[in-house]
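# Structural overview for review
These are the residues of each chain, in order.
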Amino acid sequence: MVQIPNTPASALPAQRSVPTSADVARLAGVSRATVSYVLNNTSAVRISEPTRRRVHAAAKELGYVPHAAARSLRAGHSRMVLMPSPTIPVGPLYSQFINELQWALSRLDYTVVQHGTLGLHGDEAARAWAELRPVAVLVPGSSLGPQGVAVLKRSGARAVVTLGPEAVEGAHALLMDHAAVGQVAAAHLYAGGRRRIGVVVPEEPGLEIYSRPRLDGARRALHGTDAVLTELPLAHEEEAAARLAARWHTLGLDAVFAYNDEYAMLLMRALQDEGVRIPEDTAVIGADDLMLGQLLRPRLSTVHIELPSGRELAELVDRAVRNPGAAPERREVLGAAVVHRDSS
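Computed from a prediction, not measured in an experiment: that's the story for all the values here. Residue numbers run consecutively from 1 along every chain, following the written order of its sequence. Local features in this predicted model are restricted to residues whose pLDDT is 70 or higher, and side-chain atom pairs enter the listing and the counts only when it is 80 or higher, whereas totals over whole chains, interfaces and linings include all residues. Excluding hydrogens and water, the side-chain values take into account all heavy atoms of the structure.

### Digging into the overall build of the chain
To keep it simple, the criterion reads: Only DSSP runs of H or I with at least four residues qualify as helices, and only runs of E with at least two residues qualify as strands; both kinds are numbered from the N terminus onward. Classification of residues uses two cut-offs on accessible area relative to the type maximum, computed with a 1.4 Å probe and protein chains only: under 20% is buried, over 50% is exposed, and between them is partly exposed. When checking whether two residues touch, look at their non-hydrogen atoms; a contact exists if any pair is within 4.5 Å. With residues, only the protein chains shown are counted as cover, and all accessible areas are computed by Shrake-Rupley using a 1.4 Å probe.
Within the chain, the regular secondary structure consists of 14 helices and 12 strands. For the chain, the proportion of its 344 residues judged to be buried stands at 45%. Expressed as a percentage of contacts within the chain between residues at least 6 apart in sequence, the contacts between residues at least 24 apart total 71%. Roughly 18,300 Å² of accessible area belongs to the chain as shown, and the carbon and sulfur atoms make up 52% of that amount.

Below you can see the structure in the form of C-alpha cells.
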C-alpha cells in the first residue's frame, strides 16, 4: 500500500483565477461592451481596427476566451452546428465537401461539432442530438423522420438540413439523386458498344442508400435496349476482388460500372492479375473522379459528381437560423457527368 502524505493547504500551488472580459477591458483600456463586440464579431457596431487589435492582444495575453454558454444565453440560441458522424465509409470526395463546409460555417461564426451516434439511429439519434441544444443540425443519409425533426426543433434547433435522396417533412433538403450517376455510367458503356454490363454493388452495410439508386439508374439507362445487366456484390477487400476476377470469364461480361473509383481500382487490379485486358476485354468505369484514377494505367474513366459548395450550404444554414419560420427549402444538388479516359 502506498501512503499519500498530507500536504498543507499553504503548500499547494495557488489556483489562478479564470480571466474575465472585465480583465481584458482593463488591460486594453476599453469598455466591457467593446470587448464583447470585438470578440463576438458583432457587425452592427463599428470598432476601429487599432481598438480591435488591442482587444485581441489583451485577450491573448490573459488567455481569455468568450464563454460559449453565456454568449448563447444572451443571443437566445447557441452557435453550434451539429453534424452526426457518418456511420458508413465515406470517401475523399465527401470528406473534402465536409471540410469546405466546416470552413464556410466558421467564417459565419458558427462552431461545427461532429457527433458520434454510438449505434443510435433515426428519431432515437435525434433525441441524443437534441440534448446538446444545437442551433442547426446537418443530417447525412435518410434515417431521420418527421418526428426526429420535431424533437430537434422543440429543443431549440432553428435549422434541420438533410442530405439524401428524399426530403423529410419539416426539414430543409439537399436532394442527391444517385440514380443519375449509374444512369450516365451505363449509358456511356452502352454507347461504346458494350452489351454485357456488370454493376458492382458494395456489400458494406449502409452503402445501399447510394449503391441501390446507382444500380437502378444503370437499369433505367439500359431498359429497352439489347444490353444485359448483371449485379455484382463485392466487399471492399483484395481477396473478394480476386475471387470475383477469378470467375470473370464465366460471367461473360464486357464492361463494368464499379460503383465508385475505389471499387473500380480494386477490381481493375484484380482483373489485370487474371489476365483480363482493359479496355479490350472489359471496359471499366468508376465514379467520384478521384485524382488517383488518373495515375492508373490505363487511366480510369469515371463519373464526375458535382456536390453543392460548402459555402452554399453554410449560407442556407445561416438563412434558416436567422429566419426559422421560413418554409423549408428543397434543392437538387447532385450533378453527374462522364469523364472518358482509357479504361473504357
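Next comes the rest of the account.
### Quick notes on the packing of helix α5 (residues 92-107) against helix α14 (residues 310-322)
Threshold: Helix axes use the C-alpha atoms of the stretch in contact, all axes being lines fitted to C-alpha atoms, and the angles between their N-to-C directions lie in the range 0 to 180 degrees. Should an angle lie under 35 degrees it is considered roughly parallel, over 145 roughly antiparallel, and from 65 to 115 roughly perpendicular; all remaining angles are considered oblique. In this scheme the crossing of two helices becomes right-handed for a clockwise turn of the near helix relative to the far one and left-handed for an anticlockwise turn of less than a right angle. Residue polarity is assigned by list, with Asp, Glu, Lys and Arg as charged and Ala, Val, Leu, Ile, Met, Phe, Trp, Tyr, Cys and Pro as nonpolar; anything else, Gly included, falls into the polar class.
Where α5 contacts α14, the axes come no closer than 8 Å and their chain directions differ by 45 degrees. On the basis of the axis angle, α5 is oblique to α14. Crossing of α5 against α14: the hand is right-handed. Contacts between α5 and α14 pair F97, E100, L101, A104 and L105 from the former with G310, R311, L313, A314 and V317 from the latter. Per-class residue counts for the contact of α5 with α14 are seven nonpolar, one polar and two charged.

### Quick notes on the sheet that holds strand β2 (residues 111-115)
The criterion, for reference: The rule for pairing is simple: two strands pair if DSSP sees at least two bridges between them.
Sheet architecture is open: six strands sit in the order β2-β1-β3-β4-β5-β11, paired in parallel fashion. Two strands lie at the open edges of the sheet, namely β2 and β11 (330-332), each paired on one side alone. Each adjacent strand pair in this sheet contributes to an overall mean axis angle of 15 degrees, direction not counted. With four bridges joining them, strand β4 (residues 159-164) and strand β5 (residues 172-175) adopt parallel strand pairing. Opposite G164, over in β5, you have L175 as the bridge partner.

### Points about the side chain of D261
This is how it is decided: In summary, the charge assignment counts Lys and Arg as positive and Asp and Glu as negative, without counting His or the chain termini. Take a side-chain nitrogen of Lys or Arg and a carboxyl oxygen of Asp or Glu: if they are within 4 Å of each other, that pair is a salt bridge. Under this definition, polar contacts are N or O atom pairs within 3.5 Å; protein pairs additionally need one hydrogen-donor-capable and one acceptor-capable atom, and for neighbouring residues in sequence, both atoms have to be side-chain atoms.
When you line up the elements, D261 lands in helix α12 (residues 261-273). Put simply, D261 is tucked away with no salt bridge, and the nearest opposite charge, on R341, sits 5.9 Å away. At 2.7 Å, the side chain of D261 and the backbone nitrogen of L290 are in polar contact. Setting aside its immediate chain neighbours within four residues, D261 contacts G286, A287, D288, D289, L290, L300 and T302.

### Considering the packing of helix α10 (residues 238-246) against α12
What describes two packed helices is the angle between their axes and the distance between those same axes. At a minimum axis distance of 8 Å, the contact between α10 and α12 shows a crossing angle of 50 degrees. Accordingly, the angle class assigned to the pair α10 and α12 is oblique. By crossing handedness, the relation of α10 to α12 is classed as right-handed. For the pair α10 and α12, contact is made by E238, A241, A242, L244 and A245 and by L266, L267, A270 and L271, respectively. Its residues assigned to classes, the contact of α10 with α12 comprises eight nonpolar, no polar and one charged.

### A closer look at the nonpolar core
Threshold: In plain words, nonpolar cores are sets of buried Ala, Val, Leu, Ile, Met, Phe, Trp, Tyr and Cys residues tied together by side-chain atoms within 4.5 Å.
Of all hydrophobic cores here, the largest spans 43 residues; its most connected members are V81, L105, L138, F257, L313 and V317. Those residues in contact with L138 that sit more than four places away from it in its chain are V81, L82, M83, P84, L101, L105, V161, L163, L313 and V317. One finds A241, L244, A270 and V284 within the second-largest nonpolar core, a separate group that totals 28 residues.

### Considering the packing of aromatic side chains
Each aromatic ring pair is characterised by the separation of its centres together with the angle its planes make. Using the following cut-off: Pairing of aromatic side chains here covers Phe, Tyr and the six-membered ring of Trp, requires ring centres within 6.5 Å, and sorts the geometry by plane angle: under 30 degrees stacked, over 60 edge-to-face, intermediate tilted. The criterion for a charge sitting over a ring is simple: Lys NZ or Arg CZ within 6 Å of the ring centre, and within 35 degrees of the ring normal.
In total, this model carries one aromatic pair according to the counting rule given. Each ring, one from Y259 and one from Y263, has its centre 5.6 Å from the other, and the planes form 85 degrees; the classification is edge-to-face. Per residue, the accessibility class of Y259 equals that of Y263, and both read buried. Taking NZ or CZ as reference, R79 lies 4.0 Å from the ring centre of Y110, over its face. Seen from the ring of Y190, R195 lies directly overhead, with NZ or CZ sitting 3.7 Å from the centre.

### Comments concerning the sheet that holds strand β7 (residues 228-234)
Spatial strand order, β7-β6-β8-β9: four strands in an open sheet with parallel pairing. The outermost strands of the open sheet, each flanked by one partner alone, are β7 and β9 (283-285). Strand-to-strand twist of the sheet, defined as the mean angle between neighbouring strand axes without regard to direction, takes the value 20 degrees. One ladder, built from three bridges, connects strand β6 (residues 196-202) with strand β8 (residues 255-257); its direction is parallel. Bridge pairing links V199 to F257 in β8. Along the sheet face, helix α8 (residues 179-191) touches β6, β8 and β9 and points at about 165 degrees away from the line of β8.

### Here we look at helix α6 (residues 122-130)
What α6 keeps buried is the set G122, A125, A126, A128, W129 and A130. Of the surrounding secondary structure, the elements contacted by the buried residues of α6 are β1 (80-84), β2, β3 (136-140) and α7 (146-154).

### Describing the pairing of β4
Across the six residues of β4, six count as buried, placing the element largely inside the fold. Of the two faces of β4, both are covered, the one formed by A159, V161 and L163 as well as the one formed by V160, T162 and G164. Here five bridges tie β3 to β4, and the two strands are oriented parallel to one another. Bridge pairing in β4 links V139 to T162.

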